[in-house]
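Summary of structural features
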Amino acid sequence: MKLIEKILVPTDFSLSSEKAIDAAIIVAKKFNSRLLVLHVMPDLGEDRLNQVKLKDFVDIQMEKITQRLNSQNVGVEALIETGIPFLKIMQIAELKDVNVVMIGAGSPATGGPGTTAEKLMHKSIKPVWVIGEQKVSGIKRILCPIDFSDASDRALNNAIHLARQFGSELIIMHVNDSLLSPYLRLKESLRLSSSDDQKAFSDRFEKHLQRFDLLNIKVEKLLIAGSPATEIINLVQHQKIDLILMGSVGRTGHPRMLTGATARVVLRALPASIVVFKSENIIQLKLDKELTDIHAKFGQGKQLLENGFTKEAIAYFTYCLNEDPLYAPAWEKLADAHIRIGDMQNAGIYQAKAKEIREKLWAQRVESEVKKRHALFGGEN
Amino acid sequence: MYRFNRLLVAIDFTAKDHTLISYSRQIAELADSSRIYFVHIAGNLEIPDEIRDKYPAVTEPLDEYAVKKMKTLAADIFDGRPKPELLFEVGEGETVSNLLRQIKIKDIDLVLVGKSGGHDADTAVAEKLARKAPCSVLIIPEGAHPFYKKVVLATDFSNHSLDALDVTGAFTHSAGLDSFTCLHVYNVPTGYYKTGKSYEQFAGIMEKNATDQFMAQMRLVDLKNVNPHLELILDKYPEEKIISYVAEHHSDFLVMGTRGRAGGAGILLGSVTEQVIRKTTIPLLAVKKKGTGLDLLQALLEN
């Protein structure tokens, strides 16, 4: 089972790129991922001599990086391309189907990220992880601002997986800005009376979070009124946050939500490393092989459930039950999985079903031989 | 092969260089050449601002780098043998005119130049050199292998072709081959019917003529133990026939004289060779008697 298979790290051999590689090593070691290190050279056209000279220089630098990564036991593939950096990076990211692009923020002179990182954030459909100037040591506290949009749900899902894998603390925040703008308040007041604004929002927040499997994760939930970008930056500066994961809806999204603009403002300030999500996940479940045996499928399902892939786990358990409707452990795990995503009603049904089957089997056991019982229970639960 | 004493290899730092250098070694061995000049002409020896900004670590002057790079490229292939002497030169400016100047100054006998697949800038350099250089030019298309078994001489039995025949003979002899193909494409002149003969009859006459000319030329040169065999093709478009012939027979080396029948009459000469240079996929040796660079043409060029 692989969660992050490939990480693309574009480098321009600057200090900031080195930081990105450091961060990528941490992630790659955790997830046993392969690093694709990419350098994009300018196209000098007819100037062959300079191009060749540059290629020589780049080759040496890439060799150094490859050696560094090899010494850390990280699988690496060095890629050298010619063209416009951010376009090539996007192209390669899609061509190689990477999980995430990890890029150094670039020129610290301007304070914010370099042009390549910023363009990538705006245009790449793959998640872009911009590594800030802060020292990379580990991922202890993750902040995930949400606005109930699909993109932010995606960010939250990935944040949960990352937090689970790194054992980090997860801060989920929602910034409600409807109290600030009179116009927005007017719109909002059509649905909510101003007195229980706060209450309604906090209900909505809680209800929304119930859909996520937060088992075994240290979670802090924050509901703040204010301007999203300012509050996010504030929070990051006052609390020690290592990583921000946020969705970016882009220009077309609902204007009140955490739009591309919010992500952009946060990225410009770059208070910590940040991952921006659009339509693809960092964590993409990739299973080692296709399983056909029902017991193996059940084992895989359990493993998935432990790692927080609740929906995928449910698919596996359902498959097991289609094959053998009397497979009680699968019913029980199916119930567990539903509890974790807050579907109590179905969970109850499945639990009852499991109990019923177990009782039936108990009765059968008296008369049937040990062998059969062994096949159903054998070592699985 | 006494002619090819000093070689010049035009290096352009593309994938073609390796083949070019391999060829230069082979030819130097066959011709017992004394010197090989490796020349790269750069448009500009300044490091562009783009690179200065993006790669501050890159500071080595370009000309030094170019010489170093050519040395490593050549060392890979020449492997430290004492002969021929290898010399390296970097120039700045327009490629063809600079190469021509170097050829003149260094008294070069043979220029080796690469050519890539399409009809682009490289092909243009190869073409222009073949047209203007006062010495023979070997044009090597991308990806050719420096091994040859089947040598073809495309001839029109002119004086220039006689030169080419002489060179081909010496060339095949030193390469240890005992034969090569002498390809002649002939045509029946449009006015043949005025002689009262049929097309076939006239073609027969032309064919006999060609054979006679071939025999006459054979008497004029000393081919040692090499026996060329004559191949005659009746067609209107010699350049196409030459190209298709070498492709069909998997020939791997083509020799041509650079100026056709019309002799020293001007710029538009050797058009068949030029066409073949443009289209060839195998190495082509355009043989030119040294020093026959057109004075008129040079005068035109230098102004």
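Residues numbered from 1 in each chain as written. Chains lettered and ligands numbered in written order. Predicted model: local features only at pLDDT ≥ 70, side-chain atom pairs only at ≥ 80, totals over all residues.

Description of the domain arrangement of chain A
All names here are of chain A. The domains assigned to chain A are domain 1 (1-101), domain 2 (138-286) and domain 3 (294-377). Taken together, the 8 residues of domain 2 in the interface contact 8 residues of domain 3. At 3 residues, helix α5 (residues 150-166) tops the list of elements feeding residues into the side of domain 2 that touches domain 3. Residue classes in the side of domain 2 that touches domain 3 are distributed as 3 nonpolar, 2 polar and 3 charged. (Domains from an automatic or database assignment. Contact = placed C-beta atoms within 7 Å. Helix = DSSP H or I, 4+ residues; strand = E, 2+ residues; numbered from the N terminus. Nonpolar A, V, L, I, M, F, W, Y, C, P; charged D, E, K, R; others polar.)

Side note on the domain arrangement of chain B
Residue and element names in this part refer to chain B. When its domains are assigned, chain B resolves into domain 1 (1-143) and domain 2 (148-289). Measuring from the centre of the C-alpha atoms in domain 1 to the corresponding centre in domain 2 gives 29 Å. Contacts between domain 1 and domain 2 engage 17 residues on the former and 19 residues on the latter. Here the element with the most residues in the side of domain 1 that touches domain 2 is strand β5 (residues 136-141); it accounts for 6 residues.

Some words on the environment of proline 127 of chain A
Residues and elements named next belong to chain A. Structurally, proline 127 can be placed in the loop between α4 (115-123) and β5 (128-131). Overall, the presence of 27 C-beta atoms within 10 Å leaves proline 127 in the buried class. Look past the residues within four positions of proline 127 in its chain and what remains in contact with it is Val100, Val275, Val276, Phe277, Glu280 and Ile282. (Buried ≥ 20, exposed ≤ 12 C-beta atoms within 10 Å, placed from the backbone.)

As for helix α4 (residues 95-105) of chain B
Each full turn of the α-helix corresponds to 3.6 residues, which orients residues three or four apart in the same direction. Residue and element names in this part refer to chain B. Every buried residue of α4 is listed here: Thr95, Val96, Leu99, Leu100 and Ile103. What you see down the axis of α4 is that its buried residues fit within an arc of 125°, all on one side. The positive-phi residue at the C-terminal boundary of α4 is aspartate 107, with phi of around 55°. (Arc of directions from axis to C-beta.)

Overview of the sheet that holds strand β2 (residues 34-41) of chain A
Residues and elements named next belong to chain A. The strand order across the open sheet formed by 10 strands is β3-β2-β1-β4-β5-β10-β9-β6-β7-β8, and the pairing between neighbours is mixed. Single-partner strands in this sheet number two, and they are β3 (76-82) and β8 (219-225). Between one strand axis and the next, the sheet turns by 20° as a mean value, whatever way the strands run. Looking at chain direction, strand β7 (residues 169-176) and β8 are connected through 7 bridges and run parallel. Within β8, the position partnered with leucine 170 by the bridge is valine 219. Where helix α1 (residues 15-31) meets the sheet, it contacts β1 (6-10), β2, β4 (100-104), β5 and β10 (273-277), and its direction lies at approximately 145° from that of β4. (Pairing = 2+ DSSP bridges. Axes fitted to C-alpha atoms, helices over the stretch in contact; angles between N-to-C directions.)

So, the packing of helix α3 (residues 85-95) of chain A against α4 of chain A
Residue and element names in this part refer to chain A. Relative orientation of the contacting elements α3 and α4 amounts to 45°, with a least axis distance of 9 Å. On the basis of their axis angle, the class for α3 and α4 is oblique. Between α3 and α4 the crossing geometry is right-handed. Between α3 and α4, the residues in contact are Pro85, Phe86, Ile89 and Met90 and Thr116, Lys119, Leu120 and Lys123, respectively. Here the residues of the contact of α3 with α4 sort into 5 nonpolar, 1 polar and 2 charged. (Parallel < 35°, antiparallel > 145°, perpendicular 65-115°, else oblique. Left-handed = near helix turned anticlockwise from the far one by under 90°.)

Here's the deal with the nonpolar core
In terms of nonpolar packing, the biggest core is built from 80 residues, with Ile7 and Cys144 of chain A touching the most fellow members. Per-element tally for this core: the top contributor is α1 of chain A, with 8 residues. Taken domain by domain, the makeup of this core includes at least three residues from each of domain 1 (1-101) and domain 2 (138-286) of chain A. Non-local contacts of isoleucine 7 of chain A, meaning those with residues more than four positions away in its chain, are made with Ala24, Val27, Ala28, Ser33, Leu35, Leu36, Val98, Asn99, Val100 and Met102 of chain A. Leu7, Tyr23, Val39 and Val151 of chain B belong to the second largest nonpolar core, which has 75 residues in total. (Core = buried A, V, L, I, M, F, W, Y, C linked by C-beta atoms within 7 Å.)

A look at the confidence of the model for chain A
Of the residues in chain A, 82% reach a pLDDT of 70 or more, and the chain-wide mean stands at 80. Predicted confidence for residues 251-259 of chain A stays below pLDDT 50, and this span has 18 contacts to residues more than four positions away or in other chains. (pLDDT = per-residue confidence, 0-100.)

Some remarks on the pairing of strand β7 (residues 179-186) of chain B
All names here are of chain B. Summarising the sheet, strand β6 (residues 151-154) and β7 pair through 3 bridges and their orientation is parallel. Pairing of alanine 154 across the sheet is with leucine 183, part of β7. Once the chain exits β6 it traverses helix α6 (residues 159-174) before rejoining the sheet at β7, and the crossover so formed is right-handed. When β7 meets strand β8 (residues 227-234), the two strands line up parallel, connected through 8 bridges. Paired with histidine 184 across the two strands is leucine 232, which belongs to β8. The handedness of the β7 to β8 crossover, carried by helix α7 (residues 199-220), is right-handed. (Right-handed = clockwise from strand over helix to strand, strands pointing away.)

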